Amino acid sequence: MMEEANEARSSGLSVSTHSIRVTEAVRDGDTVIFIVISQKLSGTGEYHVDRTYDDFEWLQQSLFCPEGVPGIQGVIFPPLPTKPQVNAPAKVLKQLGFLAMGKDWQIYCMALETYLQQVAAHTTLNKNPNLEVFLTSSEPPGRQRVRKGIFNRLSHAMEGIRKESHKDVDEFFQTERDNNLTLTGCSKSAMEKFLDLVMTEQKISVACGHFSASLHLCVEHQDDSVALAFSKICVKLSEVIDSMKKNLDNVAENDMSTLGLGLDLDSRYQEAEKEMLFRRTCKLVELETASRNAEKAKPVKKATMEEVKNTVEKEFDNISGVAKQEIGRFQATRVMMLRRALTLWCEKQLHTARESSSLYSQHLQAFRDMEE
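What follows is about the overall build of the chain. Helix and strand content of the chain: 10 helices and three strands. Tracing the chain from N to C terminus, the helices and strands come up as α-β-β-β-α-α-α-α-α-α-α-α-α. In the chain, once contacts between residues fewer than 6 apart in sequence are set aside, the share between residues at least 24 apart is 75%. Accessible surface computed for the chain: about 20900 Å², of which carbon and sulfur atoms make up 55%.

The following block contains the structure:
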């Protein structure tokens with residue numbers, strides 16, 4: 001009860017952060033509806049709400065543009081997964097990667113659940129009243145068309161390339177920008193390579209299924225002892241190949257739901273940090289421009305230009321202060337997320353390997369019994 005009280009005081013939420021779950025996805029034509037459940041802090045029950053991806057976009061947009069939050073552009077916003085595609089071609093599904101590969105949108109639900117938990121755990125973002133509305137209101141909050149905010153447009157602006165290469169005045173942020181550029185490429189490459197591995201496992205699984213089925217074509221219903229023995233071997237071998245197929249299916253599913261999802265999240269978070277660093281760089285360019293204008297201003301406009309410069313400088317200092325805290329928090333969280341994904345991956349694959357080993361031992365014994 002003490003922890004729940006502290007959680008209630010530290011945020012504007014009436015739900016427990018760790019209880020937030022996206023339990024399932026339901027198709028409604030071309031729309032996917034996600035079921036979001038969260039436990040009330042009062043302990044008197046749960047909230048159950050239905051949310052579409054438009055609702056999630058509405059929430060993300062409202063987090064981008066709160067009123068009266070100094071330095072909000074320095075926040076590394078939890079990355080919202082790409083919009084789900086219904087009946088999309090294979091090329092588009094590959095672009096979505098692991099998020100489109102789970103059964104019944106399970107992987108996608110896990111990604112959205114992680115997103116909501118991270119927003120709710122963020123000491124600044126969890127005070128946004130729209131998060132409470134999203135989690136608890138029975139009415140759909142985001143059916144209206146979401147307008148893309150300035151944060152979404154910044155990296156696509158015409159002057160983006162020039163600003164991205166702009167030299168930073170702070171060595172800490174310049175180093176972070178250089179590191180982020182390297183890690184963004186590495187994270188994306190690691191995710192794509194692991195995705196190729198999983199897709200290969202799935203292809204081998206399909207081939208095993210075909211092979212297992214084709215072995216039944218060799219079964220003959222004759223009284224000939226040799227033909228009967230051969231048929232028994234084919235049937236038994238078909239069972240072994242089918243076990244291999246099931247093992248590969250489990251291995252691929254484990255890959256997707258653990259390390260695959262972890263690598264995908266890491267890649268999206270690197271992009272989110274890149275966006276934050278770019279926003280700060282844009283404000284730095286704005287400050288340098290304001291400073292030059294103030295220096296060159298004629299006496300009649302000097303006071304006005306100085307006021308503009310001071311305003312921009314204050315905004316830049318607020319963004320930089322928040323950004324430094326966010327980077328420290330992000331680095332610690334990133335290590336924790338990857339470690340958790342790797343640990344869970346090893347645990348699940350070890351469990352699957354033990355089950356498969358036991359089953360293969362049974363198959364081997366069955367073949368030995370056939371020789372007797």
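Now that the structure is up, let's keep going.
Next up on the list: the packing of helix H8 (residues 171–215) against helix H9 (residues 225–296). Close contact between H8 and H9 brings their axes to 7 Å; oriented N to C, the two are set at 165 degrees. As judged from the angle between their axes, H8 and H9 are roughly antiparallel. Crossing of H8 against H9: the hand is left-handed. Along the lines of polarity and charge, the residues of the contact of H8 with H9 split into 20 nonpolar, 12 polar and 14 charged.

One can describe the packing of helix H4 (residues 106–121) onto H9 by two numbers: an axis separation of 11 Å at closest approach and a directional angle of 45 degrees. One way to sum up the angle between H4 and H9 is to call them oblique. In this structure, the crossing between H4 and H9 has a hand that is right-handed. Each of Gln106, Ile107, Met110, Ala111, Thr114 and Gln118 in H4 lies in contact with H9, whose residues at this interface are Glu253, Met256, Ser257, Leu261, Leu265, Arg268 and Tyr269. For the contact of H4 with H9, the class distribution of residues is seven nonpolar, four polar and two charged.

Bridging between strand E1 (residues 21–28) and strand E2 (residues 31–39) involves seven bridges; their strand directions are antiparallel. Following the sheet pairing, Arg21 is matched in E2 by Ile37. Remark: two residues form the turn of the hairpin made by E1 and E2, two consecutive strands paired antiparallel; Gly29 in that turn has positive phi of roughly 70 degrees. Here six bridges tie E2 to strand E3 (residues 46–51), and the two strands are oriented antiparallel to one another. Across the sheet, the residue bridging to Val36 is Val49, located in E3. Counting the residues between successive antiparallel strands, the hairpin from E2 to E3 contains six residues, one of them, Gly43, with a positive phi of roughly 80 degrees.

A few words on H4. Because an α-helix packs 3.6 residues into every turn, residues spaced three or four apart end up facing the same way. The end-to-end C-alpha distance of H4, which contains 16 residues, comes to 22 Å, matching closely the 22 Å that a straight helix rising 1.5 Å per residue would cover. Buried residues of H4: Ile107, Tyr108, Cys109, Ala111, Leu112, Tyr115, Leu116, Gln118, Val119 and Ala120, and no others.

This brings us to the packing of aromatic side chains. Under the criterion given, the structure shown has nine aromatic pairs. A centroid spacing of 6.1 Å and a plane angle of 90 degrees characterise the contact between Phe34 and Phe56, whose relative ring orientation is edge-to-face. Of this pair, Phe34 sits in strand E2 while Phe56 sits in helix H2 (residues 53–64); the two residues are 22 residues apart in sequence, bridging distant segments of the chain. Classification of Phe34 as buried rests on a relative accessible area of 0%. Between Trp105 and Tyr108, the aromatic rings sit 5.8 Å apart at their centres with planes inclined by 90 degrees, giving edge-to-face as the arrangement.

Below, the discussion takes up the sheet that holds E1. The sheet built from three strands is open, its strands ordered E1-E2-E3 with antiparallel pairing. Looking along the sheet, the strands with just one partner apiece sit at the ends: E1 and E3. In this sheet, adjacent strand axes meet at a mean angle of 20 degrees when their direction is disregarded. Each of E1 and E2 touches H4; the most contacted strand, E1, lies at about 130 degrees to it. The strands touched by helix H5 (residues 129–136) within the sheet are E2 and E3, with E3 carrying the most contacts at an inclination of about 90 degrees.

Calculation criteria
Residues numbered from 1 in each chain as written. Predicted model: local features only at pLDDT ≥ 70, side-chain atom pairs only at ≥ 80, totals over all residues. Heavy atoms only, no water. Helix = DSSP H or I, 4+ residues; strand = E, 2+ residues; numbered from the N terminus. Contact = heavy atoms within 4.5 Å. Areas by Shrake-Rupley, 256 points an atom, 1.4 Å probe, with all protein chains shown as cover. Axes fitted to C-alpha atoms, helices over the stretch in contact; angles between N-to-C directions. Parallel < 35°, antiparallel > 145°, perpendicular 65-115°, else oblique. Left-handed = near helix turned anticlockwise from the far one by under 90°. Nonpolar A, V, L, I, M, F, W, Y, C, P; charged D, E, K, R; others polar. Pairing = 2+ DSSP bridges. Expected span 1.5 Å × (residues − 1). Buried < 20%, exposed > 50% of the residue type's maximum accessible area, 1.4 Å probe, protein only. Phe/Tyr/Trp six-rings, centres within 6.5 Å; stacked < 30°, edge-to-face > 60°.

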